[in-house]
Number of protein chains: 2
Amino acid sequence: MARISDSKERLLSSALELFSERSYANVGVQELCEHAGVKKGSFYYFFKSKQDLMLEALGHQSQAIDRMILTPALGSNLPPLERIEHLFHLTYEFQKSLKEKTGRVRGCFFGNLALELSTQDELIRHRLDRIFRMAITSIRKTVQDAVSVGDLPDIDVTSTAEAILAYWQGVIMLAKVRNDPGLLKELAKGAKEFAIVETKDAAA
Amino acid sequence: MARISDSKERLLSSALELFSERSYANVGVQELCEHAGVKKGSFYYFFKSKQDLMLEALGHQSQAIDRMILTPALGSNLPPLERIEHLFHLTYEFQKSLKEKTGRVRGCFFGNLALELSTQDELIRHRLDRIFRMAITSIRKTVQDAVSVGDLPDIDVTSTAEAILAYWQGVIMLAKVRNDPGLLKELAKGAKEFAIVETKDAAA
């Protein structure tokens with residue numbers, strides 16, 4: 001058994017590992033405790049429920065993805081459109097490393113749960129919506145930079161950022177269903193082609 | 001209990017309904033039988049397992065989506081790029097009707113299962129990969145038409161079709177996590193902006 005001070009961290013890390021390997025429904029509290037080497041009593045000391053653990057795991061993973069992918073890509077000194085392409089390349093590296101370790105493209109923790117749980121759990125859906133909106137805000141800033149330097153015309157930057165987030169998630173899905181991280185590299189260029197142009201129409 | 005001749009159809013229809021409402025892991029054979037009004041013995045007369053039912057349900061739903069969305073959009077007489085935009089509008093109508101009926105944007109049956117099961121079930125992953133590839137082939141033909149009439153430059157039509165499929169799935173995901181089908185309409189224009197340009201680079 002782990003020291004009590006590690007137990008919470010170990011449960012969060014087991015949640016990330018097991019929910020990514022299978023799905024939320026497919027993993028129970030008992031198995032999470034066994035994987036983490038933590039007693040069931042400790043689980044309920046830290047978390048009210050599996051949902052409660054998941055909400056905290058989402059926060060942790062959101063910070064991790066910010067640190068590993070979003071900030072290095074979108075906060076870099078590259079020209080704005082290259083930053084967006086770089087987002088796909090870093091995601092490729094991440095999914096490739098997961099495949100090397102587990103044999104599988106695991107996909108995006110948030111995307112996986114969004115499709116599994118959005119019809120079933122309003123609290124988790126809202127949290128995922130917020131995480132996606134935060135990513136869209138970061139992408140939007142980069143799109144705005146591209147417009148400012150003249151690399152994109154005067155487009156609808158919010159819709160374009162939403163489109164890029166959607167494309168990013170869709171490419172991760174296709175990489176997962178093919179178990180081929182290479183698709184993230186092959187389709188990265190497409191992310192620079194986006195521009196939701198008809199602002200006036202969209203607002204009408 | 002349903003007549004035996006209806007039982008198989010009813011089980012397939014319950015599979016579509018319940019797996020879309022929740023998830024594959026979250027619905028068991030017992031519940032499927034109760035929902036369909038079919039005895040468990042009948043289930044095992046028609047299907048070896050839940051996986052076996054799912055594989056057949058995937059085939060049925062693939063035909064339904066072809067008939068309801070892919071063919072009316074991509075096989076229409078619209079100019080090629082409008083056909084691609086129309087794909088999003090028909091998907092909007094479909095998700096909106098599901099939301100009106102159930103309170104929820106249900107998302108794409110294939111996308112949902114792709115993210116839930118690709119790490120867990122090779123047979124289902126392969127079947128989903130095939131279904132996505134068939135859709136990509138239809139989109140590819142439309143992209144080729146757009147190149148032929150001069151609405152798109154001489155791009156990599158296969159990668160562009162993959163990109164459009166990915167974008168379509170990603171927008172459905174975002175609509176599901178926001179429970180807002182309107183996003184499919186708002187982001188439809190983005191689908192026309194795609195063009196994976198650097199063919200030579202991609203092949204290198």
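Just so we're clear, the structure is a prediction, and the values are computed from it rather than from any experiment.

Remarks on the relation of the copies chain A and chain B
Once turned by 180° and shifted 0.0 Å along the axis, chain A lies on chain B with an RMSD of 0.0 Å. In the structure described here, the two chain copies are related by an operation that fits a two-fold rotation axis. Of the residues that chain A buries at the interface, 100% are likewise interface residues in chain B, meaning the two copies contact each other through the same surface.

Brief notes about the environment of B:Thr137
Examined against the element boundaries, B:Thr137 turns out to sit in helix H7 (residues 122-148). For the pair B:Thr137 and B:Glu162, spaced 25 residues apart in the sequence, the C-alpha separation amounts to 8.9 Å.

Focus on the packing of helix H5 (residues 80-102) of chain B against H7(B)
Residues and elements named next belong to chain B. Packing of H5 against H7 brings their axes to within 8 Å, and their N-to-C directions diverge by 150°. In terms of orientation, H5 lies roughly antiparallel with respect to H7. Between H5 and H7, the residues in contact are Pro80, Leu81, Arg83 and Ile84 and Thr142, Asp145 and Ala146, respectively. In terms of residue class, the contact of H5 with H7 is built from four nonpolar, one polar and two charged.

Quick word on the nonpolar core
Formed by 127 residues in total, the largest nonpolar core has its most connected members in A:Val171 and B:Val171. Residues contacting B:Val171, with those up to four places away along its chain left out, are A:Ala166, B:Phe88, B:Leu183, B:Leu184 and B:Leu187.

Focus on the domain arrangement of chain A
Segmenting chain A into domains produces domain 1 (1-47) and domain 2 (50-203). Computed from C-alpha atoms alone, the centre-to-centre distance between domain 1 of chain A and domain 2 of chain A is 27 Å.

Here we look at the interface of chain A and chain B
On the chain B side, the residues contacting the 47 residues of chain A number 47 residues. Going through the elements one at a time, helix H6 (109-117), helix H7 (122-148) and helix H8 (157-178) of chain A are the ones with two or more residues in the side of chain A that touches chain B. Of all the elements, H8(A) adds the most residues to the side of chain A that touches chain B, at 15 residues.

Comments concerning helix H5 (residues 80-102) of chain A
All names here are of chain A. With 23 residues, H5 should reach 33 Å at 1.5 Å per residue; the first-to-last C-alpha distance of 33 Å fits that figure. When we look at burial in H5, the residues that qualify are Pro80, Leu81, Arg83, Ile84, Leu87, Phe88, Thr91, Tyr92 and Gln95. Taken together, the buried residues of H5 touch helix H4 (50-74), H7, H8 and helix H9 (182-186). Within two residues after H5, glycine 103 carries a phi angle of roughly 85°, on the positive side.

Quick look at H7(B)
With 27 residues, H7(B) extends 38 Å between its outermost C-alpha atoms, agreeing within 8% with the 39 Å of an ideal straight helix rising 1.5 Å per residue. Following H7(B) by one or two positions, B:Gly150 adopts a phi angle in the positive range, close to 85°.

A short note on unusual backbone geometry
At A:Asn179, a residue that is not glycine, the phi angle is positive and equals roughly 50°. Residue A:Asn179 is classed as partly exposed on the basis of its 19 C-beta neighbours within 10 Å.

Quick word on the environment of A:Leu187
With respect to the helices and strands, A:Leu187 occurs in the loop between H9 and helix H10 (199-203). Spatially, the C-alpha atom of A:Leu187 lies 8.2 Å from that of A:Phe88, the residues being 99 residues apart in sequence.

Some remarks on the packing of H4(A) against H5(A)
Residues and elements named next belong to chain A. Where H4 meets H5, the closest approach of the two axes is 8 Å, and the angle between their N-to-C directions is 155°. Classed by the angle they form, the pair H4 and H5 counts as roughly antiparallel. When the axes of H4 and H5 are compared, the crossing they make is right-handed. Note on element contacts: H5 touches H4 through Arg83, His86, Leu87, Leu90, Thr91 and Phe94, opposite Met68, Ile69, Pro72, Ala73 and Leu74. Looking at the contact of H4 with H5, its residues break down into eight nonpolar, two polar and one charged.

Overview of the confidence of the model for chain A
For chain A, per-residue confidence averages 92 on the pLDDT scale, and residues scoring 70 or more make up 93% of the total. Overall fold confidence for the complex sits at a pTM of 0.94, while the interface term, ipTM, reaches 0.94.

What counts as what
Residues numbered from 1 in each chain as written. Chains lettered and ligands numbered in written order. Predicted model: local features only at pLDDT ≥ 70, side-chain atom pairs only at ≥ 80, totals over all residues. Least-squares fit on C-alpha atoms with pLDDT ≥ 70 in both. Contact = placed C-beta atoms within 7 Å. Helix = DSSP H or I, 4+ residues; strand = E, 2+ residues; numbered from the N terminus. Axes fitted to C-alpha atoms, helices over the stretch in contact; angles between N-to-C directions. Parallel < 35°, antiparallel > 145°, perpendicular 65-115°, else oblique. Nonpolar A, V, L, I, M, F, W, Y, C, P; charged D, E, K, R; others polar. Core = buried A, V, L, I, M, F, W, Y, C linked by C-beta atoms within 7 Å. Buried ≥ 20, exposed ≤ 12 C-beta atoms within 10 Å, placed from the backbone. Domains from an automatic or database assignment. Expected span 1.5 Å × (residues − 1). Left-handed = near helix turned anticlockwise from the far one by under 90°. pLDDT = per-residue confidence, 0-100.

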